[in-house]
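Here's the letter readout for the chains.
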Amino acid sequence: MATDPICGMFVEEGPDALQLVRGNRTYFFCSTVCLRQFAEPQEELRRLRRKLAVAWPLALVVVALTYVVQPSGAVWISFALAGVVEFYPGWQFFAGTRGALRSRGWNMDVLIAVGTGMAFGYSVLVLVLPGHLPTAYYFDASALIVTLILTGNYLEHLTRESARASLSRLQEVLPATALLVRAGVEREIPLSDLTEGDHVRVRPGGRIPVDGTVVEGTSTANESLLTGESLPAEKRPGNRVIAGSINGEGRLEILTVRVGPDTLLSQVGQLVADAETSRVPLQELANRIAAGFVPFVLAVALAATLAWAALGVGPAVSVLVFVSVVITACPCAFAIATPAAIVVGTGRAAEEGIVFKGKDSLERASRIDLVLTDKTGTLTLGRPVLTDAIPLGTESAKELLGWSAAAERGSEHPLARAVVDAARTRGLPLGDATDVQTLPGVGVRGLVNRVEIAVRHGRDSSVGDSDRDRLAPITKELEARGKAWSIVTRNGAPVGVLAFFDEVRPGTSRAVRALAADGIPVVLVTGDHAAAAQAVARQLGIGEVHSEMTPASKLALIRKYQQEGRKVAFVGDGINDAPALAAADLGIAVGGATAVAQETSGVILLRSDFGGVALALRLGRRTVRKVRGNLTWAIGYNAVLLPVAVGALVPWFGLGIFTILPITGAIAMALSSTSVVLNSLSLRWVRLGPRHEDGDPFGGPRPTPTGA
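As the structure is a computational prediction, the values presented were derived from the model and not from experiment.

A.B. asks: Please provide a residue-by-residue account of the overall build of the protein, values included.
C.D. replies: Along the backbone of the protein there are 25 helices and 26 strands. Residues classed as buried in the protein amount to 53% of the 708 residues present. Here the contacts in the protein between residues at least 6 apart in sequence split such that 68% fall between residues at least 24 apart. When the accessible surface of the protein is summed, it comes to about 30,200 Å², and 57% of that surface belongs to carbon and sulfur atoms.

Structure, rendered in C-alpha cells:
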C-alpha cells in the first residue's frame, strides 16, 4: 500500500486511485483535498483562507443565536447559516470521505463528515419533524466543529510549507535552456536535450545548468544555494562545477558529467519527496495503528451510543456521544508523526549543505556513538599552508617571505604555491625574479634584485655540513610538530627556514568539541606519518590516533569497534576511503569527495566543513527524538481523550458535559496534529553554536587578502 504524502494515511494503489506523477515518481492520495494540497499548495492555501473567511463569521453568528440572543426564527436562521458552513467550507470532508471509500481506505475526513453530518442531520430532523424527537439543536456544534478543524488544517498547512521551503526552492533554479558547443559552434537547446559528454558554455552571470568539469576559461561560481559558502569558489580548468550555481565574471566551457535528475541539485531536491513519505522502523507500529484506527473509532462511537441509549439517556444525548467520539479521535497525529519531523530535519540539513541519502540514514545517524575520521582534506585543508618564516640572521620574516615568493612565483610545486599565496594574503609586493631555474625534486633558484635566492625543500636541501648542523635543531623541532620545511639561501648561504602545515580547517575544533559534548568521541585514522597525525590531533584535542593506516587496516579497525558494540561513523573524501565508508554504520563524505566516496556514503556534506559531521549526527538524534515524541503525544492524546468523549467524566459533571464535548473535542483534535508539526518545527533551530576562526600564524587576526 502507498502512503498519502500529506496526511500519511495508507492508500490502496490502483488505476482508480487518486494519483499524481511528479518527476519519475507516482504519489497516491486518500482524497482530492490532499491531492490539491500536494499539487498546488499555494492555491490550496488560498482556498482555505476563502473558506475560513466564510466559516468563522457564520459559525460565530450561529453560536450567538444559540447562547446569547434568540429572536423569532433564530433556529431557522441557524439552520441556514450552519448549512452554508457544512456544505461549502465543510464539503471537502464529504468529498474526502467519498474518495477514501472509493479507494477502499479510511481517513480523517470520514470521522469529521460522519460526526458533523450526524449533528447537523439530527438537528434538521428535529426542526422539520417537531414532536417526533426530543427538541435539541446542534447547528452550533456542526458549524463550529467544521470551522475549528479547517483552522487547524490551515495552521498545519502553514507550518508544512515553512518546513518544506528550504528544500523546495532548490527545484526552481535550473535554467530551461543551455548553450551547447559543438565544433566551435554555439547554439541554445532545451536543457532536457543535453547528454553526458556535451560541452556547454556559460556566460558571465549565467546559471550553470549541469554538473561537470571546467575545460576552458577562468571564473568564480557562487555555490551558496547548495553549499552555504558565502564566498564564490574559484573555477579554472579541471575544477568541478555544480548545476544551479551562478557563474561570475568569466566565461566558462564545461564538460557535462551529470544532467537533469542526475545532478546534485536534483538529488537534493528529491529530498522533498523522500522526506514527505519517509518512515523509520519506529513508525511501523504507528502505521498499523493508523490503518485500523478509523474503523475502530467508529465501532467505539457506535458501541458507546448504544450503551448510553440502553441506559435510557434518550436519542439527543446518544447523538452527542457519537459525535463527541468521532470528532475527538485524531488518527492524523499517528500518520504525520514521522514525516513532520523528517521534513523539518532534512530541510534544516539542506540549509547547512547536508544531504541524507536513503530513508534510514537519519535513524542510523541517531545511533552513532563513535566517529572515525580521515585527516587530509577532511580535518585539514588538504594543501600545505605557510605557518612560519624563521630568519637565521638580521633579515625579517617579511623579507624572507618576499624573496622566496619572488623566486617561486612561477613554480607549480605545492609548497611554492603556499609561499606565493602567503605573500599575497599579507599584501607583500612580489618582486621580479630573473634567470629562474627549477631544480627537479629540490626547489627553485633565481635572481631577485640581482641577488641569488634559492628555496630548497626538506631533506632534498643541499647545504654544507656546518649549515646542516646549525639548522638541525630547527628542522627537527618542525618535524616533531608534523611540519614540512624548506631552506632559503642567499648567495648560497642559508638565511632562513620556511615551515608548512596542512592546516586544520576553520571550525573543525569547534566541531570536535560539539561531538564530545554530545558524548561522541573522535578517532583520527590516517595514512599520514605519526608526527603529522599527532600534531593535528593535539591541535583539535583528539585523544586516539591511528597513523600510517592502509585502506585494509582502516576496515579492520572499524570492524573491531563494531564487534565491541559501537555504532561507528567514518568520515572521508577519497577513493581509498570508500571501503571504510561502506563498512561503517554510517559513511559521511565531505565536500569535494570523489564520486566513489559519495556513492558509498549515507550522508554527503556539500561544504568542506567538519562541522557538518557534528550537525548531521545531532540532527539525526534530534529528529528521531522528535518522531518518538510525536508518537508519544499521539498515543497519549487518544488514550486520554477518547475515554472522556465516551463519558468518563459523567459521574462528576453529569450528562450536561456532552453538550460541550463535541466542540472541545474539535478544538483538541485540530490542535493535536498541529502540535505534532509545531513540535517538529523546533528542529529548525538545531545548531552547533557560534563559529570561531583561527588566528594568523604570523600573529594577530588573519588579514584580508589584498594582492590576489
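Anyway, onward from the coordinates.
A.B. asks: Break down the sheet that holds strand 6 (residues 185–190) for me, citing the residues and quoting the values.
C.D. replies: Read across the open sheet, the six strands follow the order 6-5-7-13-8-11; overall the sheet is antiparallel. The open sheet terminates on both sides in strands that have one partner only, identified here as strand 6 and strand 11 (240–241).

A.B. asks: Explain the pairing of strand 25 (residues 586–589) to me, using residue names and the numbers behind them.
C.D. replies: Neither face of strand 25 is left uncovered, since the one carrying Leu586 and Ile588 and the one carrying Gly587 and Ala589 both have all their residues buried. In the sheet, strand 24 (residues 568–572) pairs with strand 25 via four bridges, with the strands oriented parallel. Note that in strand 25 the partner of Val571 across the bridge is Ile588. Note: strand 25 against strand 26 (residues 603–605), two bridges, orientation parallel.

A.B. asks: Mind laying out the sheet that holds strand 21 (residues 493–504), listing which residues take part and the relevant values?
C.D. replies: The strands making up a sheet are joined through hydrogen bonds of the backbone, oriented either antiparallel or parallel. Spatially, six strands are ordered 16-21-20-19-18-17 in an open sheet, and the strand pairing comes out antiparallel. Sheet topology places strand 16 (380–391) and strand 17 (433–439) at the edges, where each strand pairs with a single neighbour. On average, adjacent strands in this sheet sit at an angle of 20 degrees to one another, irrespective of strand direction. Looking at chain direction, strand 19 (residues 451–457) and strand 20 (residues 484–490) are connected through five bridges and run antiparallel. From the neighbouring strand, Arg456 faces strand 20, where its bridge partner is Ile487. Strand contacts of helix 16 (residues 414–425): strand 16, strand 19, strand 20 and strand 21, with the helix running at about 65 degrees to strand 16, the strand carrying the most contacts.

A.B. asks: If you had to explain the pattern of salt bridges to someone new, which residues and values would you point to?
C.D. replies: Scanning all chains against the criterion turns up 23 salt bridges. We note a salt bridge from Arg348 to Glu352, for which the minimum N-O separation is 2.9 Å. A relative accessible area of 4% places Arg348 in the buried class. Residue class for Glu352 comes out partly exposed when judged on its relative accessible area of 22%. Of the charged contacts, one joins Lys554 and Asp374 as a salt bridge, the two residues approaching to 3.7 Å between their closest N and O atoms. With Lys554 in helix 20 (residues 551–563) and Asp374 in the loop between strand 15 (370–373) and strand 16, the pair connects residues that are 180 residues apart, well separated along the chain.

A.B. asks: Explain the side chain of Asp140 to me, and be specific about the residues and the numbers.
C.D. replies: Relative to the assigned elements, Asp140 resides in helix 6 (residues 139–168). Within the buried set, Asp140 has no salt-bridge partner at all; the shortest N-O distance to an opposite charge, 22 Å, is to Lys51. What Asp140 contacts, discounting residues up to four positions off in sequence, is Val62, Val63, Thr66, Tyr67 and Ile663.

A.B. asks: How would you summarise the side chain of Asp211 if you had to cite specific residues and measurements?
C.D. replies: The topology assignment puts Asp211 in strand 8 (residues 211–216). Judged by its relative accessible area of 3%, Asp211 is buried. When near neighbours in sequence (up to four residues on either side) are disregarded, Asp211 contacts Val241, Ile242, Ala243, Leu255, Thr256, Val257, Arg258, Asp262, Thr263 and Leu264.

A.B. asks: Provide a residue-level description of the environment of Asp609, including the pertinent values.
C.D. replies: Following the sequence through the fold, Asp609 ends up in the loop between strand 26 and helix 23 (611–646). We classify Asp609 as buried; its relative accessible area is 13%. Between the alpha carbons of Asp609 and Arg505 there is a distance of 7.1 Å; along the sequence they are 104 residues apart. Only 2.8 Å separates the side chain of Asp609 from the backbone nitrogen of Gly611, close enough to count as a polar contact.

A.B. asks: Please give an account of the confidence of the model for the protein that cites residues and values.
C.D. replies: Per-residue pLDDT for the protein has a mean of 83; in total, 86% of the residues score no lower than 70. Between the elements of the protein, mean pLDDT differs from a low of 52, seen in helix 9 (residues 271–277), to a high of 97, seen in strand 15. Per-residue pLDDT stays below 50 along residues 691–708; that stretch engages in 37 contacts with residues further than four places along the chain or on separate chains.

Calculation criteria
Residues numbered from 1 in each chain as written. Predicted model: local features only at pLDDT ≥ 70, side-chain atom pairs only at ≥ 80, totals over all residues. Heavy atoms only, no water. Helix = DSSP H or I, 4+ residues; strand = E, 2+ residues; numbered from the N terminus. Buried < 20%, exposed > 50% of the residue type's maximum accessible area, 1.4 Å probe, protein only. Contact = heavy atoms within 4.5 Å. Areas by Shrake-Rupley, 256 points an atom, 1.4 Å probe, with all protein chains shown as cover. Pairing = 2+ DSSP bridges. Axes fitted to C-alpha atoms, helices over the stretch in contact; angles between N-to-C directions. Salt bridge = Lys/Arg side-chain N within 4 Å of Asp/Glu carboxyl O. Lys, Arg positive; Asp, Glu negative; His and termini not counted. Polar contact = N/O pair within 3.5 Å; in protein donor to acceptor, adjacent residues only side chain to side chain. pLDDT = per-residue confidence, 0-100.

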